[in-house]
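Understanding the architecture of this molecule
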Amino acid sequence: MPRALWTTWVLGAVISLFKEGAPDQPSPLACDPTGVCDGHSRSLLSIPSGLTATVKSLDLSNNKIAYVRNSDLRLCVNLKALRLGSNKIDTIEEDSFLSLGSLEHLDLSYNRLLLLSSSWFRSLASLKFLNLLGNSYNTLGETSLFAHLTNLRILKVGNSYNFAEIQEKDFAGLTFLEELEIHASNLRKYKPKSLKSVQNIRHLILHLSQPVFLLQIFVDVLNSLEHLELRDTHLDTFHFSEVSINETKTIKKLTFRNVEISDGSFTEMVKLLHYVSGMLEVEFDQCTLNGIGDFDVSGMDAINDLRNVETLTIRKLYIPRFYSFYDLSSLYPFTETVKRVTIESSNVFLVPCSLSQHLKSLEYLDLTGNLMIENLLRNSACVGAWPSLQTLILRQNHLASLEKTGETLLTLKNLTHLDISKNNFHPISKTCQWPAQLKHLNLSSTRIQSLTECIPQTLEILDISNNSLNSFSLTMPQLRELYISGNKLKTLPDASFLPRLVVMRISRNTINMFSKEQLDAFKQLKTLEAGSNNFICSCEFLSFTQQQQALAQILVGWPEHYLCDSPAHVRGQRVQDTHLSVSECHRAALVSAICCALFLLILLVGVLCHRFHGLWYMKMMWAWLQAKRKPRRAPQRDLCYDAFVSYSEQDAHWVESLMVQELEHFNPPFKLCLHKRDFIPGKWIIDNIIDSIEKSHKAIFVLSESFVKSEWCKYELDFSHFRLFDENNDAAILILLEPIEKKAVPQRFCKLRKIMNTKTYLEWPTDEMLQGDFWFNLRAAIKA
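What counts, and where the lines are drawn
- Residues numbered from 1 in each chain as written.
- Predicted model: local features only at pLDDT ≥ 70, side-chain atom pairs only at ≥ 80, totals over all residues.
- Heavy atoms only, no water.
- Salt bridge = Lys/Arg side-chain N within 4 Å of Asp/Glu carboxyl O.
- Helix = DSSP H or I, 4+ residues; strand = E, 2+ residues; numbered from the N terminus.
- Buried < 20%, exposed > 50% of the residue type's maximum accessible area, 1.4 Å probe, protein only.
- Patch = residues over 30% accessible without salt bridge, like charges linked within 9 Å, V, L, I, M, F, W, Y side chains within 5 Å.
- Areas by Shrake-Rupley, 256 points an atom, 1.4 Å probe, with all protein chains shown as cover.

1. As for the pattern of salt bridges
Under the criterion given, the structure shown has 24 salt bridges. Between D285 and R257 there is a salt bridge; the shortest N-O distance is 2.3 Å. Here the residue D285 occupies a position in strand β18 (residues 281–285), and R257 occupies one in strand β16 (residues 253–257), the gap between them amounting to 28 residues. Among the residues examined, D285 registers a relative accessible area of 10% and is labelled buried. Classification of R257 by relative accessible area gives partly exposed; the value is 21%. Its salt-bridge partner being E656, residue K676 comes within 3.7 Å of it at the nearest N-O pair. With K676 in helix α14 (residues 675–678) and E656 in helix α13 (residues 652–664), the pair connects residues that are 20 residues apart, well separated along the chain. A single network of salt bridges, built from pairs that share partners, joins K156, E179, E181, E229, R231, R257 and D285.

2. Looking at unusual backbone geometry
Residues W558 and P559 are joined by a peptide bond in cis, for which omega reads 0°. Mapped onto the fold, P559 is located in the loop between α9 (551–554) and β31 (564–566). Of note, the bond from S566 into P567 is cis; its omega dihedral lies within 30 degrees of zero at 0°. Tracing the sequence through the fold places P567 in the loop between β31 and α10 (582–585). Unlike most non-glycine residues, N62 shows phi in positive territory, near 55°. Mapping N62 onto the fold places it in the loop between β3 (57–59) and β4 (67–68). Overall, the relative accessible area of 44% leaves N62 in the partly exposed class. One non-glycine residue, R508, lies in positive phi territory at about 55°. Of note, R508 is situated in the loop between β28 (503–505) and α7 (516–521). Judged by its relative accessible area of 43%, R508 is partly exposed.

3. Brief notes about a nonpolar patch on the surface
A cluster of nonpolar side chains, namely L590, I594, L598, L601, I602, L604, V605, L608 and F612, defines an oily patch on the protein surface of about 840 Å² accessible area. Within the element layout of this structure, L608 appears in helix α11 (residues 587–611).

Below is the structure:
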């Protein structure tokens, strides 16, 4: 039992050590050849070792790094960007960044830094971006952190919970900042003139939960700031106190983002405008107005400063008591100088006619994402409304009739740009009326399926993207730009309809191809975007697109977005890189060449057949095939001859005078088959040869020079060769009438040549004393 417990304990200890000694290993850094290294979100516990001077950008954000040592980045002398945000860093050694003299971007946001040290930034003279947001510090240190950062342009400091104090020395040494973001939701102390040391701030973003120190900050930056943005602030209780300011005002824009305002605080805010007489733009984004528009502007001189505002932007404004809201008529007189108004996604369904008539200087009006309909739009665009309006955007409202919309806007004599995209229009009527000066019309994403003469012919720019159009056949003599992407067109529009077209964007349709003739027909076309279509990569299309070098200057997105859809084997390939085979590109020429080759081959075969008796050989082959279908050997009772004799006509005397006498007059006599005597008249000679060989016990070949040269004997020997030598027997008897060379035997008679090399043949002796033995041996061979 103790032994078992001991074994169990040892095994548990080993397993525990294994787990502790082999934790999940984080993935290594991914570095590209340019020195950009990506190591974000890899559960790293420390900065990887082995970093060298080749690293120029290092992203270690969203890991579990807690400590930065002096040696971690010592060799990264060329590092320009270091991202350490969203880690658990609570300690950075004093000289950790000492060698990073080239560093331009440093992100230490959302870590656990309690104290900030100026020694970290002492050597970062090239730094342009510094993010210290979301750490745990409550002040920016006891000495100036940024005194040595003379090139710093973007600075982000503070947090939403601990940061409580801004001191006068905090921003000392900074002269110009493009953007300064201070997150001080719980700010408890602000030392006056703390921000005054920065001589020029282009954009200041303040996260202030309460506006306690807003006025002091406002006074400090009034002469150095261009754009003030206030975020996440409750201004319901804001009260303005008179201040004495004799300095130049530089603020051009005020932005309120996620800010809560009441009727009373709005009045107090207007007083600020008295100190920013150069104000040109005011923006409200995702703000809440806790009131009913009961603004007390009587007796306020500051309200006249509203006349300086040229641009007003309101996005996603929430008014809880919307249906009790006043008409704001008291503010109408101060809106006459406003030139640009954007009211987006704020449930606007009506602009009162009286307000529209007061907006005498209005040139640009954007009412995107509201509740406008034709009948209420008629009231907004009443006679005398928006007399200077040039651009009207009614995107994503509740418009349904294109005809009524155009008729409603006839009062806008100066209107040149109209955007009514993302509305749901009914089928378009045949004719419509539009403002006479209209040049730019946006009908994208309106679900229209066809176009009619309702579209004004005076347009210079028409956007009908993302609809269900199958064709474009409108005559637009003045049109210079056509945006028709995301439809169902199968070909480019006819150039005769668009004689002055300069820009056409027709991507994401179902276009199969376009030709040189089609593009040349657009005489003034400079830009064509036709990518993401279903291109059929025919040989003509590929030849045109690949050989026209100037096409790349016209086509937008070339060659990345121009892909083949067919043939199937090149689908997905870039048109520029696709090459088809010769057979695919020159099919007609290939068929013609093949036909010509076949004709020449037939002609050549015909000539050769005529020259070398090809027809005769074909007949002979046919006969041989018939012979092959017959039994391999005739039955013994069907044999009519003892031997078939094949000989040349020049050797006929020897055969008929000597051989016939010696064999047929011998006792017992031998019956020979001779073609002159025994072939059946009228029967095809080939059949005679085959039948005679079949009915003969042996076949005697009288070989001589004449035999080898004789065409007739060659034909006769052919059939004998096929029939006799295929049977692997001794039916053939060779008589050498005179000495001949073996090479004189035709090469095609390979078995005959083999027999002459391997078997004994009879030679006709010239000595009469030996001729008796010759005839004796011949008779014995026939009987065998």
